[in-house]
Amino acid sequence: MTGLLASVIQNVSSSTAKRSVAIAIGSNLGDRFANIETALRLIEQPNLLLASVAADTISVVDTSFMYETAPMYVTDQPRFANCACLIETDIQPRILLTLLKRIETTVGRVPSIQNGPRAVDLDIILYDNEIIDTRAEGLRGTLDGLTDELVVPHPRVAEREFVLRPLADMVPEFVHPVHKKSIRTLLDDVIRQSTGDFPMLKVTPFADYPIAETRQLPGIHQVPSMGRYWTTHCSNDVQRPMKVKLMATLNATPDSFSDGSVNNTLSTALAYSTTSVRAGADIIDIGGYSTRPGAAFVSSEEECQRVVPVIQAIRSHEDQDVSSALISIDTFRWEVAEAAVLAGANCINDVYSFTGFDYPLTETSEKHLLKMREVARKLAVPVILMHSRGDAGSNKDYSHYKGGVLEGVRVELGEKVEAIIKGKGGVRRWFVIVDPGIGFSKTAEANCALLREASSITANTLMNPLAGYPQLIGSSRKSFLGAILERPDVDGTYKGRKTQPKERGWATAATVACAIQQGASVVRVHDVQEMRDVVAVASAIWSYP
């Protein structure tokens, strides 16, 4: 990791003298994802529930992906949302247990049958590499007498995929102090023996904005409801979504490369949104600042004036399918992101991955990342983080990627993602979707290589910082397609042709089919109806449900 991005994590992390503790979190009653976010915010402010504990005693420094899992032991109950977090603390184990029990009660857990449904469940799984058992001597080594006692590591962790998989996201090589095996090995053992009818699914929850009535706990920032979510299969092979999502591209700008001035009035923007939703778009991506080379500077105020009224108009549309559509805000500015989300957007899409358009990265990049991270964390919305090398108009040397373009994207984007999710104040890992940046800071050949092997960007391989993340591919109408279409055939029988962006629909279709073959979770397109057909057929070919 570059010194600049490494310093982001170091500067927001707590003292190394503190202990590392892994906590498993689950919920299957009420608003599962909001319950979990509420619990995490209470963990981060322990003084709200334990007056004897200082506010800065606990730092959440990493989180796992979020999963939807079938209930275990007592199967006649709703599916669970499961995840885990890694905290740094100097709180003693018994005091930490007391805090977690109070958080469970505050979020809404009530007494129930063992392993039954609950609003939230918080278990200390690991406390550094210590072995702790507060039960009477005669009960140790059994599964009896666990109520109100503390046993660490958790005695049933080795049989629970819903605990091991989240742990493996964060500390795969940690050696279990009792079983003497790494977390990765324990997970592999469980997966080999699994016969479950409902495999674990990776989840991306979406917050509902603007915030309607919700219960507000004093002392923590308001947590939005999170009733909608996307799912992806868990796999060591190509990671495929349950359904490929279509992102419609709405440029509320006068100068975007493809459709500038086409949808930059309120009526045309609303018409495009309505048509897109009815044609099958799963989310509408609204941008108010063109990223094409040479685009005019736009102030934050003007960018907000372009996008916020469009978002508000969609949210007040008479057609409920349109008014309830998911919306992402395409911006690299925290002021615009915050204003757009509070107006009704559900997701932030940043072509610079929170570092702004400086390249190479500067101290300004670090400050920008920290502010964007703070806003995204507070709003609890998904973030799409794209690979690029700064402003498209100022950096034209795209030829050199150490180790090739695939490795270059993994490393460069991976460093930013790590700085965004890790350390105190990090964005939850389950909110991140990655985008390799097709058409940004790359040659035509490099773009083709990325499309051809997109699955390797997020492959579950050792030392891959992007392993397991859902992936978005945005290749629609890009200039590299125009460059390819200009080329003559190898035998010279066809001379090639020049194309305008709107003439690259068929070329875009080829890239969308490739993206689906490679396991993309989301494809960003302009022509929703046509690309909906491509997604349907390509998904059928590649055996999606």
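Scope of this entry: the structure provided in the associated data block. (Residues numbered from 1 in each chain as written. Predicted model: local features only at pLDDT ≥ 70, side-chain atom pairs only at ≥ 80, totals over all residues. Heavy atoms only, no water.)

**Structural notes on the overall build of the chain**
Within the chain, the regular secondary structure consists of 15 helices and 17 strands. Compactness check: the chain gives a C-alpha radius of gyration of 24 Å against a globular reference of 24 Å for 545 residues, within 12% of the reference. Each principal axis of the C-alpha distribution contributes one length, and for the chain these read about 85 × 50 × 45 Å. Split into buried and exposed, the 545 residues of the chain put 58% on the buried side. A separation of at least 24 residues holds for 72% of the contacts in the chain among residues at least 6 apart in sequence. When the accessible surface of the chain is totalled, it reaches about 22,700 Å², and 53% of it is carbon and sulfur. One way to put it: in the chain the 56 positive side-chain charges average out to a point 1 Å from where the 63 negative ones average out. (Helix = DSSP H or I, 4+ residues; strand = E, 2+ residues; numbered from the N terminus. Rg over C-alpha atoms; globule rule 2.2 N^0.38 Å. Buried < 20%, exposed > 50% of the residue type's maximum accessible area, 1.4 Å probe, protein only. Contact = heavy atoms within 4.5 Å. Areas by Shrake-Rupley, 256 points an atom, 1.4 Å probe, with all protein chains shown as cover. Lys, Arg positive; Asp, Glu negative; His and termini not counted. Charge placed at Lys NZ, Arg CZ, Asp CG, Glu CD.)

**Looking at the pattern of salt bridges**
Opposite charge on two side chains allows them to pair when their charged atoms are near. Taken as a whole, this structure holds 35 salt bridges when the rule is applied. Notably, a salt bridge pairs Arg 524 with Asp 330, separated by 3.4 Å at the nearest N-O pair. Linking Arg 524 in strand E17 (residues 522–525) with Asp 330 in strand E12 (residues 326–330), this pair joins segments that are 194 residues apart in sequence. Assessed through its relative accessible area of 13%, Asp 330 is described here as buried. (Salt bridge = Lys/Arg side-chain N within 4 Å of Asp/Glu carboxyl O.)

**So, the sheet that holds E17**
The strand order E15-E14-E13-E12-E11-E10-E17-E16 describes an open sheet built from eight strands, whose pairing is parallel. What marks the edges here is a single partner per strand, and that holds for strand E15 (432–435) and strand E16 (472–473). Two elements, strand E14 (residues 383–386) and E15, share four bridges in a ladder whose sense is parallel. Bridging from a neighbouring strand, Ile 384 pairs with Ile 433 of E15. Taken strand by strand, helix H11 (residues 405–421) contacts E14 and E15, and its axis lies near 165° from that of E15. (Pairing = 2+ DSSP bridges. Axes fitted to C-alpha atoms, helices over the stretch in contact; angles between N-to-C directions.)

**A few points about the pairing of E14**
Working note: regular strand, side chains alternate between the two faces of the sheet. Burial along E14 is two-sided: the face carrying Val 383 and Leu 385 and the face carrying Ile 384 and Met 386 are both buried. Where strand E13 (residues 347–350) and E14 come together, three bridges link them in parallel fashion. For Asp 350, the partnering residue across the bridge sits in E14 and is Leu 385. With helix H10 (residues 363–379) bridging E13 and the parallel E14, this β-α-β connection has right-handed handedness. (Right-handed = clockwise from strand over helix to strand, strands pointing away.)

**As for helix H6 (residues 266–279)**
Taking 1.5 Å of rise per residue, 14 residues should cover 20 Å, and H6 covers 20 Å from first to last C-alpha, within 8% of that figure. The complete set of buried residues in H6 reads Ala 269, Tyr 272, Ser 273, Thr 274, Ser 276, Val 277 and Ala 279. Those residues of H6 that are buried lie in contact with strand E10 (245–251), strand E11 (283–287), helix H7 (300–315), helix H8 (320–323), E17 and helix H15 (528–541). Among the residues trailing H6, Gly 280 stands out with phi positive, at a value near 115°. (Expected span 1.5 Å × (residues − 1).)

**As for the side chain of Glu 37**
Within the secondary structure, Glu 37 sits in helix H2 (residues 32–43). For Glu 37, a relative accessible area of 2% gives the class buried. Polar contacts involving the side chain of Glu 37 include one to the side chain of Arg 41, which spans 2.7 Å. Sequence-distant contacts of Glu 37, that is, excluding residues within four places in its chain, are made with Val 223, Met 226, Ala 380, Arg 428 and Phe 431. (Polar contact = N/O pair within 3.5 Å; in protein donor to acceptor, adjacent residues only side chain to side chain.)

**Thoughts on the packing of aromatic side chains**
How two aromatic rings sit relative to each other is given by the distance of their centres and the angle of their planes. This structure, assessed with the given rule, holds nine aromatic pairs. The interplanar angle of 55° and the centroid separation of 5.5 Å between the aromatic rings of Tyr 289 and Phe 332 together place this pair among those described as tilted. Here Tyr 289 is found in the loop between E11 and H7, whereas its partner Phe 332 is found in the loop between E12 and helix H9 (334–343), with 43 residues between them in sequence. Comparing Tyr 289 with Phe 332, the two get one shared label, buried. The interplanar angle of 75° and the centroid separation of 5.6 Å between the aromatic rings of Phe 332 and Phe 357 together place this pair among those described as edge-to-face. (Phe/Tyr/Trp six-rings, centres within 6.5 Å; stacked < 30°, edge-to-face > 60°.)

**Examining H10**
Across its 17 residues, H10 extends 25 Å between first and last C-alpha, which sits within 8% of the 24 Å expected from 1.5 Å per residue. Taken together, the buried positions of H10 are occupied by Ser 365, Glu 366, His 368, Leu 369, Met 372, Arg 373, Val 375, Ala 376, Arg 377 and Leu 379. Residue Thr 362 occupies the N-cap position of H10, its side-chain oxygen lying 3.2 Å from the main-chain nitrogen of Thr 364. Remark: Ala 380 follows H10 within two positions and exhibits a positive phi of approximately 60°.

**Thoughts on the packing of H9 against H10**
Between H9 and H10, the shortest axis-to-axis distance is 9 Å and the interhelical angle comes to 15°. In terms of axis orientation, H9 runs roughly parallel to H10. Taken as a pair, H9 and H10 cross one another with a handedness that is right-handed. Side by side, H9 and H10 meet where Trp 334, Ala 337, Glu 338, Val 341 and Leu 342 of the first sit next to Lys 371, Met 372, Val 375, Lys 378 and Leu 379 of the second. A class-by-class count of the residues in the contact of H9 with H10 yields seven nonpolar, no polar and three charged. (Parallel < 35°, antiparallel > 145°, perpendicular 65-115°, else oblique. Left-handed = near helix turned anticlockwise from the far one by under 90°. Nonpolar A, V, L, I, M, F, W, Y, C, P; charged D, E, K, R; others polar.)

**A short note on the state of the cysteines**
Per the counting criterion, the structure on display carries zero disulfides. Cys 85 provides the cysteine sulfur closest to Cys 83, a residue in no disulfide bond, and the two sulfurs are 7.3 Å apart. Cys 234 takes part in no disulfide bond, and the closest cysteine sulfur, belonging to Cys 83, lies 13 Å away. (Disulfide = S-S within 2.5 Å.)

**Focus: the environment of Ile 191**
By the element assignment, Ile 191 lies in helix H5 (residues 183–193). Distance from Ile 191 to Glu 161, taken between C-alpha atoms, is 7.3 Å for residues 30 residues apart in sequence. Excluding residues that lie within four positions of it along the chain, Ile 191 makes contacts with Glu 161 and Arg 165.

None of the figures reported here should be taken as evidence of function without further support.
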